[in-house]
Amino acid sequence: MLRCSRCGRTYPETFRLTCDCGGTLLVEGPGAGFTPFGHLDMRRYLAHLPIGSLVPVPVPGITPISEIEVGRVRAIFKLEYLHPSGSFKDRGTWVTVAKLLGEGIDEVVLDSSGNAALSFALYALPAGIKLHAFISYDARREKVLLLQKLGAIVHYVEGDRTVIHERAREYAEEKGLTYVTHWLNPYFIEGTKTIAFEVFEQFGVPDYAFAPTGSGTLLLGLWKGFRELKEMGEIAELPRLVAVQASGYESLCERSPFTNSLADGIAIPRPPRLDDMRRALRETNGMCVSVSRSETEGALSWLKRAGFLVEPTSAVALAGLWKLIETGEIPDGSSALLPLTGSGLKLTEGI
Ligand SMILES: [Zn+2]
């Protein structure tokens, strides 16, 4: 069942982005006990996912964790950049493609800074789904080339991410196509919540869970996953969520006049799920921290030297952790989950 976060109205689990009132939707599960089963990939959590009998390929695998001391904090890096398309987006894509296949939808529109479109293109190809990807003229060249090689039809748009989002929505409406933006898609969050399930099985519950936060799909996935574990009686407390934002593009923290466009994956000034994101921070006694371009560069350099070849957006989580250690908000002896969201192998410039 889908439930509107604004008015509470419910809908059956068909592909749908928003409530008739304009509010955002989340999937509500049947509330069974936690039953991970069999496979070492996302099929392990099928009992907790709104997927029917059609299981798309490739199936995103369980990603490893790597524990490293950062100052006196135990950092749990989750290597999400090792997914088939090189980003955590594969989790949400996989659930979405399963849903689309189940409904016989074979042509869709989405907008992206690169990773979400790339991920979708990779899974859409074997599934026989035609993809229209709306992207900025400023999108990284390497990602656009890859998109085209995967058969996506690229539509360039002039303007910031919110403008691109609007253009894609209008195009879908005009052509009678399904718009699958991950910013609103409730099934995308069903995929990203499995990060919490995996971390729970691999480590337990960290004190803090960091998320590079633009549209909020990772933050909300972590929130929903840990929340479901609590509802199923597996854990007593949720980790405190930390939304890490790029300066100049803050939606939860106070907006800075200096822009950090290096973290392009989270350069989203007006995300549509803002109320859901605020709720996630409120319910977990969470917080928000904003990082600058130079702080992102510093963290990216540290990660590279530690053997993590990631893209700049991934590095903001570590930059945020450093900042909160320095201000004393994260005390010595804490544990902190830092998902490394996207691969640096897709970029030959700027890492
Ligand atoms: Zn509603």
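Owing to the predicted nature of the structure, the values given are computational and were not obtained by experimental measurement.

### A short note on the coordination of the zinc ion
Only C4 (SG), C7 (SG), C19 (SG) and C21 (SG) from the protein coordinate the zinc ion, and they sit 2.2 to 2.3 Å from it. Its four donor atoms give the zinc ion angles of 106 to 118 degrees at the centre, a pattern that matches the tetrahedral case. Counting along the primary sequence, the residues that act as donors to the zinc ion give the motif C-x2-C-x11-C-x1-C. Classification of C21 by relative accessible area gives partly exposed; the value is 34%.

### Some remarks on helix α4 (residues 161-175)
Between its first and last C-alpha, α4 extends 21 Å over 15 residues, near the 21 Å set by a 1.5 Å rise per residue. Every buried residue belonging to α4 is among R161, T162, I164, H165, A168, Y171 and A172, and all of these are buried. Along its buried surface, α4 packs onto β6 (107-111), β7 (130-136), β8 (153-157) and β9 (178-179). Where α4 begins, one side-chain oxygen reaches toward the backbone nitrogen of T162, 3.0 Å away; that side chain belongs to D160. Looking one or two places after α4, you find G176, whose phi comes out positive at around 70 degrees.

### As for the layout of surface pockets
Here the largest pocket is characterised by a volume of approximately 430 Å³. Taken together, 23 residues form the lining of the largest pocket, with V27, E28, G29, K224 and E228 sitting closest to its centre. When residues of the lining of the largest pocket are traced back to their parent elements, those giving at least two are β1 (2-4), β3 (25-27) and α7 (217-231). The biggest single contributor to the lining of the largest pocket is α7, with four residues. For the lining of the largest pocket, the per-class residue count stands at nine nonpolar, four polar and 10 charged.

### Details of the pairing of strand β4 (residues 65-70)
The pairing of β4 with strand β5 (residues 73-78) spans six bridges and is antiparallel. Its bridge partner being in β5, I65 is matched across the sheet by K78. As consecutive antiparallel partners, β4 and β5 are separated by two residues, and within that stretch G71 has a phi angle of approximately 60 degrees, a positive value.

### Quick notes on the pattern of salt bridges
Under the definition given, this model contains 28 salt bridges. For D20, the salt bridge is made with R16, and the minimal N-O distance between the two is 2.7 Å. Overall, the relative accessible area of 24% leaves R16 in the partly exposed class. Connected through shared salt-bridge partners, K78, E80, R91 and E198 make up one network.

### What to know about the packing of helix α2 (residues 115-127) against helix α3 (residues 141-149)
Close contact between α2 and α3 brings their axes to 9 Å; oriented N to C, the two are set at 20 degrees. Between α2 and α3, the interaxial angle falls into the category roughly parallel. Judged by the sense of rotation from one axis to the other, the crossing of α2 with α3 is left-handed. From α2, N115, A117, L118 and A121 reach across to α3, where they touch K143, L146 and L147. Taken together, the residues of the contact of α2 with α3 sort by class into five nonpolar, one polar and one charged.

### Things to note about the sheet that holds β7
The strand order across the open sheet built from four strands is β8-β7-β6-β9, with neighbouring strands paired in parallel fashion. Here the strands that pair on one side only, and so sit at the sheet edges, are β8 and β9. Strand direction decides the pairing type here: β7 and β8, joined by five bridges, are parallel. Paired with H132 across the strands is I153, a residue of β8. Running over the sheet, α3 touches β7 and β8 and is turned about 145 degrees from β8.

### Overview of the environment of I330
Mapped onto the fold, I330 is located in the loop between α10 (312-326) and β13 (335-339). C-alpha separation for the pair I330 and D207, spaced 123 residues apart in sequence, amounts to 9.4 Å. Each residue touching I330, except ones within four places of it in the same chain, is listed here: V73, Y208, F210, L321, L324 and I325.

### A closer look at the packing of helix α6 (residues 194-202) against α7
At a closest axis distance of 7 Å, the pairing of α6 and α7 adopts a crossing angle of 55 degrees. The pairing of α6 with α7 is recorded here as oblique in orientation. For the pair α6 and α7, the sense of crossing is right-handed. Contact residues: I195, A196, F197, V199 and F200 in α6; L218, L222, G225, F226, E228 and L229 in α7. Grouping the constituent residues of the contact of α6 with α7 by class yields nine nonpolar, one polar and one charged.

Parameters at a glance
Residues numbered from 1 in each chain as written. Predicted model: local features only at pLDDT ≥ 70, side-chain atom pairs only at ≥ 80, totals over all residues. Heavy atoms only, no water. Donors = N, O, S within 2.8 Å, 3.2 Å for Na, K, Ca; no water. Tetrahedral: all angles 85-135°; square planar, octahedral: opposite > 155°, others 65-115°. Buried < 20%, exposed > 50% of the residue type's maximum accessible area, 1.4 Å probe, protein only. Helix = DSSP H or I, 4+ residues; strand = E, 2+ residues; numbered from the N terminus. Expected span 1.5 Å × (residues − 1). Contact = heavy atoms within 4.5 Å. Polar contact = N/O pair within 3.5 Å; in protein donor to acceptor, adjacent residues only side chain to side chain. 1 Å grid on protein atoms, 1.4 Å probe; cavity = no way out; pocket = protein on both sides within 12 Å on 5 of 7 lines; lining within 4 Å. Points joined across faces, edges and corners; volume = space filled by probe spheres on them. Nonpolar A, V, L, I, M, F, W, Y, C, P; charged D, E, K, R; others polar. Pairing = 2+ DSSP bridges. Salt bridge = Lys/Arg side-chain N within 4 Å of Asp/Glu carboxyl O. Axes fitted to C-alpha atoms, helices over the stretch in contact; angles between N-to-C directions. Parallel < 35°, antiparallel > 145°, perpendicular 65-115°, else oblique. Left-handed = near helix turned anticlockwise from the far one by under 90°.

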